[in-house]
Amino acid sequence: MKLLLLGFYLLVTTARFALDWLNLHHRQRAEKTLPAAFAGQIDSERLEKSDAYALAGDKLGLVEDLLGVLLTLLFLFTGLFPWYDRLVAGMAEGFILNGLLFFGLLTLAQLLIGVPFSLYRNFVLEARFGFNRMSFKLWLLDTLKSLLVGGILFALLAGGSLWLVAAAPQSWWLWVWGFWAGMSLFLLYLSPVLIEPLFFKFSPLAKPELEDGVRELLSKAGVQAGKVLQVDASKRSGHSNAYFTGIGKVKRVVLFDTLLEQLEDNELLAVLAHELGHWRCGHLRNQLIKSQIVALASCWLAFYLLNSGWLPGLLGLSQLSFAAQVLLLSWLASLLGFFWTPVSSWWSRRQERQADQFAIDLVGSGKQLASGLVKLARENLSNLFPHPLYVAIYYSHPALVARVLWLEQGKKTGGSKK
Ligand SMILES: [Zn+2]
């Protein structure tokens, strides 16, 4: 059984690396010709620079990924895993404390391994291409703050779950699910006021000439509640983006201040219209409902498998602690998740297209969004030549060249749809 599992892991890993290689190869061999919409924005020099940027990112990703595979093999498939389990069991008494230690120490080790990569990414790679704007002090402060916030959330979520498991051995799957569902809803409301301000400063759009356009767009889109804010992303990085978040009364669209610098007003409004599209199509709400259904099913399945006593045998072991079995199970789930990736990516691309269509209907044309996206690709040195299979499996947004062409030809759907 252990060999079978090892084989399966290596198979998935090989598939992942093969996809990376395919994508890299495709970019290097692609005929770098772009449609007319890109003319004057992205020249051959830009393309060369974005190639170099993508290659540098690929290389770093490969090293990080290889290290991860090596550590996983070492941890799970040698005697290290049961040894660690016994070590933690000897460190503290009690089910909850044991579980917290088991996961806490592993997470801490993972974070420590990630530190050099984070430093290299920000201060070497991103700096070389002119993106990094972070001082070492800010990086350190960010890291410490996320450690603190992450630690508190971890203690709360893991501690609470373990307590529920101990308190209701026959029905914990339902309780744990309810606890997580409640917490994620709670955080959705709380994070914008409690956690995000620890790292970023949000403020109303500092472009008074935009105000009328924004207000008009909001009322045309039929969005009353909610805010349009800008965030001081430029303190950390030159990359630009926009996103929407929240449900109910805490809905908001956030535009990076870098985006405000880079785009014309009509392009900004088109980006905003796209984000409003996500609101009006209820994308976050649907996402929440779907993930809660999946979570409920996963909780029950985990309960069933943990009770069956079947898990330690997967690694040829006779016994493992509850925490160790949960870890093994979540590792299996992430492995199987690879096969789910194309489905969720497809779903996400479908939603992006809906939001694009909403923007076309609202603004009257896709041209402004298209030219805005081209500028973003130029400023962010985006890869314009991904492999179609790579796009199908991993891309949450349609590939840019196809998306721009689609937007340029976009037609209003007649306003009957929202
Ligand atoms: Zn979107």
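Residues numbered from 1 in each chain as written. Predicted model: local features only at pLDDT ≥ 70, side-chain atom pairs only at ≥ 80, totals over all residues. Heavy atoms only, no water.

A.B. asks: Provide a residue-level description of the coordination of the zinc ion, including the pertinent values.
C.D. replies: The coordination sphere of the zinc ion contains the protein donors His 274 (NE2), His 278 (NE2) and Glu 352 (OE), at a distance range of 2.0 to 2.1 Å. All donors to the zinc ion come from one chain, and their sequence spacing reads H-x3-H-x73-E. With His 274 and His 278 both in helix H9 (residues 265-280) and 4 residues apart, the pair spans about one turn of that helix. There is no split in this pair, since His 274 and His 278 are both buried. (Donors = N, O, S within 2.8 Å, 3.2 Å for Na, K, Ca; no water. Helix = DSSP H or I, 4+ residues; strand = E, 2+ residues; numbered from the N terminus. Buried < 20%, exposed > 50% of the residue type's maximum accessible area, 1.4 Å probe, protein only.)

A.B. asks: Give a detailed account of unusual backbone geometry, specifying residues and quantitative values.
C.D. replies: Despite not being glycine, Leu 381 shows a phi value in the positive range, around 55°. Looking at the element boundaries, Leu 381 is found in the loop between helix H13 (367-380) and helix H14 (388-394).

A.B. asks: Pulling in residues and values, what's your account of a nonpolar patch on the surface?
C.D. replies: On the surface, Leu 67, Leu 71, Leu 74, Leu 80, Trp 83, Leu 87, Met 91, Leu 105 and Ile 113 cluster together into a nonpolar patch covering about 740 Å² of accessible area. For the nonpolar patch, the elements supplying multiple residues, two or more each, are helix H2 (44-77), helix H3 (80-91) and helix H4 (95-128). For the nonpolar patch, the element with the highest residue contribution is H3, accounting for 4 residues. Looking at the element boundaries, Leu 80 is found in helix H3. According to the relative accessible area criterion, Leu 80 is partly exposed, its value standing at 34%. (Patch = residues over 30% accessible without salt bridge, like charges linked within 9 Å, V, L, I, M, F, W, Y side chains within 5 Å. Areas by Shrake-Rupley, 256 points an atom, 1.4 Å probe, with all protein chains shown as cover. Salt bridge = Lys/Arg side-chain N within 4 Å of Asp/Glu carboxyl O.)

A.B. asks: I'd like a description of the packing of aromatic side chains, backed by residues and values.
C.D. replies: For the structure shown, the criterion picks out 19 aromatic pairs. Ring geometry for Phe 75 and Tyr 84: centres 5.9 Å apart, planes at 65°, overall edge-to-face. In terms of burial, Phe 75 and Tyr 84 fall into one category: buried. Arranged with centres 5.5 Å apart and planes meeting at 80°, the rings of Phe 338 and Phe 339 form a pair that is edge-to-face. By relative accessible area, Phe 338 is classed as buried at 14%. Among the aromatic residues, those joined into a ring-pair cluster are Phe 75, Phe 81, Tyr 84, Phe 102 and Phe 103. Across from the ring centre of Trp 279, 5.5 Å away, lies the NZ or CZ of Lys 251, which sits over that ring. (Phe/Tyr/Trp six-rings, centres within 6.5 Å; stacked < 30°, edge-to-face > 60°. Lys NZ or Arg CZ within 6 Å of the ring centre and 35° of its normal.)

A.B. asks: So what's going on with the pairing of strand S4 (residues 252-256)? Which residues, and what values?
C.D. replies: The buried fraction of S4 amounts to 5 of the 5 residues, a majority that puts the element mostly inside the structure. Residues Arg 252, Val 254 and Phe 256 point to one face of S4 and Val 253 and Leu 255 to the other, with burial holding for every one of them. Relative to S4, strand S2 (residues 227-231) is paired through 5 bridges, and the arrangement is parallel. In the strand pairing of S4, Val 231 is matched with Phe 256. The pairing of strand S3 (residues 242-245) with S4 spans 4 bridges and is classified as antiparallel. Across the sheet, Tyr 243 pairs through a bridge with Val 254, a residue of S4. Following S3, the chain reverses through 6 residues before pairing antiparallel with S4; Gly 246 in that reversal takes a positive phi of roughly 90°. (Pairing = 2+ DSSP bridges.)

A.B. asks: Run through the packing of H13 against helix H15 (residues 400-408), naming residues and quoting values.
C.D. replies: For the pair H13 and H15, interaxial distance at closest approach is 8 Å and the crossing angle is 160°. On the basis of their axis angle, the class for H13 and H15 is roughly antiparallel. The handedness of the crossing between H13 and H15 is left-handed. In contact with Lys 367, Leu 369, Ala 370, Leu 373, Val 374 and Ala 377 of H13, H15 contributes Leu 400, Arg 403, Val 404, Leu 407 and Glu 408. (Axes fitted to C-alpha atoms, helices over the stretch in contact; angles between N-to-C directions. Parallel < 35°, antiparallel > 145°, perpendicular 65-115°, else oblique. Left-handed = near helix turned anticlockwise from the far one by under 90°. Contact = heavy atoms within 4.5 Å.)

A.B. asks: How would you summarise the packing of helix H5 (residues 136-167) against helix H6 (residues 172-199) if you had to cite specific residues and measurements?
C.D. replies: For the pair H5 and H6, interaxial distance at closest approach is 10 Å and the crossing angle is 160°. One way to sum up the angle between H5 and H6 is to call them roughly antiparallel. H5 and H6 meet at a crossing whose hand is right-handed. Contact with H5, carried on its side by Asp 142, Lys 145, Ser 146, Val 149, Leu 153, Leu 156, Leu 157, Gly 160, Ser 161, Leu 164 and Val 165, involves Trp 172, Trp 175, Val 176, Phe 179, Trp 180, Met 183, Leu 187, Ile 195, Leu 198 and Phe 199 of H6 and no other residues of that element. Residues of the contact of H5 with H6, tallied by class, amount to 16 nonpolar, 3 polar and 2 charged. (Nonpolar A, V, L, I, M, F, W, Y, C, P; charged D, E, K, R; others polar.)

A.B. asks: Summarise the pattern of salt bridges; cite the residues concerned and give the values.
C.D. replies: All told, the structure shown has 15 salt bridges when counted by the stated rule. One salt bridge connects Arg 236 with Asp 142, and the closest N-O pair in it is separated by 2.6 Å. Placement of Arg 236 in the loop between S2 and S3 and of Asp 142 in helix H5 is noted, with a sequence separation of 94 residues between them. The pair formed by Arg 236 and Asp 142 is uniform in burial state, with each residue classed as buried.

A.B. asks: Please provide a residue-by-residue account of the sheet that holds S2, values included.
C.D. replies: As summarised here, the arrangement of the 4 strands in space is S1-S2-S4-S3, forming an open sheet in which the pairing is mixed. Sheet topology places strand S1 (202-204) and S3 at the edges, where each strand pairs with a single neighbour. Here the average twist between neighbouring strands, direction ignored, is 35°.

A.B. asks: I'd like a rundown of H4, residues and numbers included.
C.D. replies: Its 34 residues give H4 an end-to-end C-alpha distance of 48 Å, which sits within 8% of 50 Å, the value for a rise of 1.5 Å per residue. At Arg 121, H4 shows its largest bend, some 35°. Taken together, the buried positions of H4 are Asn 98, Gly 99, Phe 102, Phe 103, Phe 117, Asn 122, Leu 125 and Glu 126. Phi turns positive one or two residues past the end of H4, at Gly 130, with a value near 80°. (Expected span 1.5 Å × (residues − 1). Bend = angle between axes of the 7 residues up to and from the residue.)

A.B. asks: Pulling in residues and values, what's your account of the side chain of Ser 237?
C.D. replies: Position of Ser 237 among the secondary structure elements: in the loop between S2 and S3. Within the local environment of Ser 237, its side chain forms a polar contact with the backbone nitrogen of His 239, the two atoms lying 3.0 Å apart. Beyond its immediate stretch of four places on either side in the chain, Ser 237 contacts Phe 131, Arg 133 and Thr 258. (Polar contact = N/O pair within 3.5 Å; in protein donor to acceptor, adjacent residues only side chain to side chain.)

A.B. asks: Quick one: what's the story with the side chain of Asp 232, residue by residue and with numbers?
C.D. replies: Its location among the elements puts Asp 232 in the loop between S2 and S3. Once residues lying within four places of it in the same chain are set aside, the contact partners of Asp 232 are Phe 200, Lys 201 and Asp 257.

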